[in-house]
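# Close look at the chain arrangement
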Amino acid sequence: MPRLMTTLTLGAALVALAACGRGDPQLMNLRNTESGPDEFAILPTNPIEIPTDLASLPQPTPGGANRVDPDPEADAIRALGGDVARANRAAGDIVTYSARFGVTPDIRGTLAAEDLAYRSDNRGLPLERLFNLNVYFDAYRPMALDRYAELERLRRAGVRTPAAPPEGIELE
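Right, let's walk through the structure included here.

About the thresholds
Every chain is numbered independently, its residues counted from 1 as its sequence is written. Only residues with pLDDT of at least 70 get local features here, since the model is predicted, and only at 80 or more are side-chain atom pairs given and counted; chain-wide, interface and lining totals rely on the full set of residues. Side-chain metrics in this entry use all non-hydrogen atoms of the structure; hydrogen atoms and water are not considered. Each helix is a run of DSSP H or I of at least 4 residues and each strand a run of E of at least 2, with the numbering of both proceeding from the N terminus. Each residue is placed in one exposure class: buried if its accessible area under a 1.4 Å probe, protein chains only, is under 20% of its type's maximum, exposed if it is over 50%, and partly exposed if it falls in between. Contacts: residue pairs with any heavy atoms within 4.5 Å of one another. Any Lys or Arg side-chain nitrogen found within 4 Å of a carboxyl oxygen on Asp or Glu counts as a salt bridge.

## A look at the overall build of the protein
- Along the protein, the regular secondary structure elements total 7 helices and 0 strands.
- For the protein, the sequential pattern of α-helices and β-strands runs α-α-α-α-α-α-α.
- Taken over 172 residues, the protein has a buried fraction of 7%.
- The contacts in the protein between residues at least 6 apart in sequence include a share of 47% that link residues at least 24 apart.

## Considerations on the pattern of salt bridges
- All chains considered together, the criterion is met by 3 salt bridges.
- The closest approach of N and O atoms between Asp75 and Arg78, which form a salt bridge, is 2.9 Å. Of the two residues, Asp75 and Arg78 are both situated in helix α2 (residues 72–79); the distance of 3 residues between them amounts to about one turn of the helix.
- Judged by relative accessible area, Asp75 falls into the partly exposed class, the value being 39%.
- A salt bridge links Arg155 to Glu152; the shortest N-O distance between them is 3.8 Å. Placement of both Arg155 and Glu152 in helix α7 (residues 147–156) is noted, with a separation of 3 residues, approximately one turn of the helix.

Here is the structure:
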């Protein structure tokens, strides 16, 4: 019997110690263990082109783009048969329209701080933390949108909505 009490006391002490963890909660349990450079952050440039008439070159614009800088968005638009100039005009309209009620310049910092506070308050149960289980989806479940309830709400309000797949069918 004393051995059982010792084992239970030791187990309770380990659980209590695990519950006292500090630091930034990592909900998804994804960590980069490499210390080297990120090979996906390197973008190749196009070959340098020397024009036949160097006098016809425009004045340099510090901070501006040039013809050999990589522009993956424009490259993708061209590859799909789109018009880059038209897409850039439309992008400006979208940004202007979305900012019509004002913007918060430090929104990323604000959201990061609010998310850290929320995750700190919803860190999971002691055994989940002890065994480093993923509690991300459980923590954010109250914030998830029920797409079918929202679809019905919009339809009742008279908003025309596209067809949606039946419940239970997940599209990937």
